Amino acid sequence: MPTPAMLAAKTAELTIGDCKTELPVVVGTEQEVAVDIEKLRAETGVITLDDGYRNTGSVKSDITFINGEEGILRYRGIPIEQLAENSTFIETAMLLIFGELPSADQFAHFRSLLSEHEMIHEAMRHSFLGFPATGHPMAILSSMINTLSCYNTDVLEMDDEKDVENAAARLISKIRTVAAYAYRTSQGLPLVYPEPEYSYCRNFMHLMFSSPTRQLEFDPDVLRALSLFLILHADHEQNCSTSTVRMVASSGANLFASCAAGVCALWGPLHGGANVAVIDQLQRIHHSDMSVPELMELVKQRKEKLYGFGHRVYRKYDPRAKILRQHVTKVLDKLGKPDPLLDIAKELEEVALSDDFFVSRDLYPNVDFYSGILLRAIGIPTNMYTVMFAIGRMPGWIANWKEVREANSSIYRPRQVYTGQPKRDYVPFDQR
Ligand code: SDX
């Protein structure tokens, strides 16, 4: 925690050998203190080095606040617990993108845009047939988001808030359709059209599981669980995929290209892909290929990671994991569908949180530890879990893309410290 003197300091002094410089100090809304190194190289010829950006703030952002030591997460200042309790995914999306909770009229207008843009171009429906049934849904999702830009050329250049609202509604609405179509095509199932009067989540489940001959209805608890899942995944400050979206946005690339890049970054098992890796680990224990103590041993020998555990920012229990843990138990009880994987997850958590290996490294459950069990409960296939994460994160990516554009950010182009070969001459082939 910064001391009062640190909070009052206007500058920080840096001395390197006989070179001394003063750098401005920036203090954030929640008393985070940063040294602004914008002029460091110009004044000293020196740069900083920070593997994995562990200590580096890339931007001043108004969107999301996390306090990792206290386990706090707020979207535009509103605690995640209150949004989880009271909001819907679309209302939360509007809060993140436009900065305020919408009025009834604003919400109705945005909903009408979502309905207007829920279909994809008929020619795009055939694009799915070009993917093998074994194609990973994340590969399909990222390529189809870029394909959307070919059919939505009128929103590639945005001049005002209206254009952003239009593009945001299209992307949020169509990613749902694209994701469901990717799944159904991979299963050889016929596609259905969205229903304009359905809510966002009901329409997604309809697109995923209804057929042209059978219109399914869904338990309100299932729809509420899906909305909660999406709210909890909607944004998370400068994580790997959001930083990727901002990096691509900073080159002037359009919203679709930036978000398609975000999907690719999210795919990794250290990031959004962890929600699938968690289920794989729990399944291995459930099918007795491995016991909890054996997994713990492998983790301590660094032969395995405990997926769904640990976080770059949270040094406490991820507040989203806390909410998911409570909710998944409620949903399974309500649906009368006990899941042995939940019992195994709770056992793993109990063992880990009483083991010094985890406690000494501040390793607690993160958002991915229970999220897959919730998706299992509502019938989502495992290979779609990271796609669900991407659908949830879309509003956060859009909000960050918008913030880069509005700030007229310069292009993101980090420096490096070169540690390769010193200058040497070319050696002709016959002398090598
Ligand atoms: C998400 O950034 C975000 O906000 C991401 C996210 C979002 O909403 O966008 O919250 C979503 O990506 C959540 C994280 C999902 N990933 C996983 O669950 C994968 C498992 N977790 C780890 O790989 C790891 O904890 C990370 C990637 C999440 C964080 O990695 P860091 O900050 O680089 O931590 P580290 O690798 O430096 O670990 C510090 C120590 C190391 O041990 P030592 O070298 O000190 O002995 O902790 C160990 C690590 O080996 N460690 C783990 C571990 N996580 C860290 N050991 C076993 N299992 C783990 N899960």
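Above this note sits the structure.
Described below are features of the structure shown in this document. The structure presented is a predicted model; accordingly, all values stated were derived computationally and were not measured. (Residues numbered from 1 in each chain as written. Predicted model: local features only at pLDDT ≥ 70, side-chain atom pairs only at ≥ 80, totals over all residues. Heavy atoms only, no water.)

**Things to note about the sheet that holds strand β4 (residues 64-67)**
Sheets are built from strands paired through backbone hydrogen bonds, the pairs being either parallel or antiparallel. Read from one edge of the open sheet, three strands run β4-β5-β6, paired in antiparallel fashion. Only two strands of the sheet have a single partner each, and these edge strands are β4 and β6 (78-79). Of the strand pairs in this sheet, strand β5 (residues 72-75) and β6 are connected by two bridges, and their pairing is antiparallel. By the bridge assignment for β6, R74 is matched with P79. (Pairing = 2+ DSSP bridges. Helix = DSSP H or I, 4+ residues; strand = E, 2+ residues; numbered from the N terminus.)

**Section: the site of the ligand**
Close to the ligand lie 25 residues, the nearest being H236, R302, H311, R312 and R320. Between the ligand and the protein, one listed contact pairs an oxygen atom with a side-chain N or O atom of R302 at 2.5 Å. Here the ligand loses 79% of its free accessible area of 1100 Å² to cover by the protein chains. (Near = heavy atom within 4 Å. Polar contact = N/O pair within 3.5 Å; in protein donor to acceptor, adjacent residues only side chain to side chain. Areas by Shrake-Rupley, 256 points an atom, 1.4 Å probe, with all protein chains shown as cover.)

**Quick word on the packing of aromatic side chains**
This structure, assessed with the given rule, holds eight aromatic pairs. Where Y183 meets F209, the ring centres are 6.3 Å apart and the plane angle is 65 degrees; that geometry is what we call edge-to-face. Of this pair, Y183 sits in helix α8 (residues 161-186) while F209 is found in helix α9 (residues 200-209), placing the two residues 26 residues apart along the sequence. Look at Y183 and you get buried, because its relative accessible area is 14%. For the pair F357 and F358, a centre-to-centre distance of 5.2 Å together with 75 degrees between the ring planes defines the contact as edge-to-face. Connected via pairs of aromatic rings, a cluster forms that spans F309, F357, F358, F369 and Y370. The ring of Y198 is capped by R202, whose NZ or CZ atom sits 3.6 Å from the centre of that ring. Here the basic side chain of R361 rests over the ring of F357, its NZ or CZ set 4.0 Å away from the ring centre. (Phe/Tyr/Trp six-rings, centres within 6.5 Å; stacked < 30°, edge-to-face > 60°. Buried < 20%, exposed > 50% of the residue type's maximum accessible area, 1.4 Å probe, protein only. Lys NZ or Arg CZ within 6 Å of the ring centre and 35° of its normal.)

**Details of the packing of helix α7 (residues 137-151) against helix α19 (residues 385-406)**
One way to put it is that α7 packs onto α19 with a least axis distance of 9 Å and a crossing angle of 35 degrees. Between α7, through P137, M138, L141 and I145, and α19, the contact on the second element is made entirely by T386, V387, A390 and M394. Considered class by class, the residues forming the contact of α7 with α19 number seven nonpolar, one polar and no charged. (Axes fitted to C-alpha atoms, helices over the stretch in contact; angles between N-to-C directions. Contact = heavy atoms within 4.5 Å. Nonpolar A, V, L, I, M, F, W, Y, C, P; charged D, E, K, R; others polar.)

**A look at the packing of α7 against helix α12 (residues 255-266)**
Put simply, α7 and α12 touch, their axes get as near as 8 Å, and they point 175 degrees apart. Taken together, the axes of α7 and α12 lie roughly antiparallel to each other. Between α7 and α12, the residues in contact are M138, L141, S142, I145, N146, L148 and S149 and F256, A257, A260, V263, C264 and L266, respectively. Here the residues of the contact of α7 with α12 are counted per class, giving 10 nonpolar, three polar and no charged. (Parallel < 35°, antiparallel > 145°, perpendicular 65-115°, else oblique.)

**Remarks on the pairing of strand β1 (residues 11-16)**
By the bridge criterion, six bridges tie β1 to strand β2 (residues 19-27) in an arrangement that is antiparallel. What sits directly across from T15, in β2, is K20. Linking two consecutive strands that pair antiparallel, namely β1 and β2, is a turn of two residues; a positive phi of about 60 degrees is found at G17 within it.

**A few points about α12**
For α12, spanning 12 residues, the distance from its first C-alpha to its last is 16 Å, which sits close to the expected 16 Å at 1.5 Å a residue. With 10 of its 12 residues buried, α12 lies for the most part within the structure. Three or more residues of α12 are buried, namely L255, F256, S258, C259, A260, A261, G262, V263, A265 and L266. Next to the buried residues of α12 lie α7, α8, α11 (240-249) and α19. The N-cap of α12, judged by a side-chain oxygen 2.9 Å from the amide nitrogen of F256 a few residues on, is N254. (Expected span 1.5 Å × (residues − 1).)

**What about the pattern of salt bridges?**
If you walk through the whole model with that rule in mind, you get 16 salt bridges. For the salt bridge of K402 with E161, the shortest nitrogen-to-oxygen distance reads 3.6 Å. One end of the pair, K402, is in helix α19; the other, E161, is in helix α8, and 241 residues separate them in sequence. Look at K402 and you get buried, because its relative accessible area is 7%. Here E161 falls in the partly exposed class, since its relative accessible area comes to 41%. One connected set of salt bridges, linked through shared partners, spans E161, K402 and E406. (Salt bridge = Lys/Arg side-chain N within 4 Å of Asp/Glu carboxyl O.)

**What to know about a nonpolar patch on the surface**
A cluster of nonpolar side chains, namely M6, V27 and V33, defines an oily patch on the protein surface of about 210 Å² accessible area. By the secondary structure assignment, M6 is in helix α1 (residues 4-8). For M6, a relative accessible area of 41% gives the class partly exposed. (Patch = residues over 30% accessible without salt bridge, like charges linked within 9 Å, V, L, I, M, F, W, Y side chains within 5 Å.)

**Remarks on the sheet that holds β2**
An order of β1-β2-β3 is seen for the three strands of this open sheet, with the pairing classed as antiparallel. Each edge of the open sheet is held by one strand with a lone partner, namely β1 and β3 (33-35). Put simply, the sheet's adjacent strands are angled 30 degrees from each other on average, direction ignored.

**Topic: helix α15 (residues 319-335)**
An ideal rise of 1.5 Å per residue puts 24 Å on 17 residues; α15 measures up with 24 Å between its terminal C-alpha atoms. Those residues of α15 that fall on the buried side of the exposure criterion are P319, R320, A321, I323, L324, H327, V328, V331 and L332. All buried residues of α15 project into a common sector of 170 degrees when viewed along the axis, lining one side. Opposite the packed face of α15, turned more than 90 degrees from it, sit the exposed residues Q326, K330 and D333. Against β5, α3 (80-86), α10 (220-232), α16 (340-352), α18 (368-377) and α19 lie the buried residues of α15. Among the residues trailing α15, G336 stands out with phi positive, at a value near 60 degrees. (Arc of directions from axis to C-beta.)

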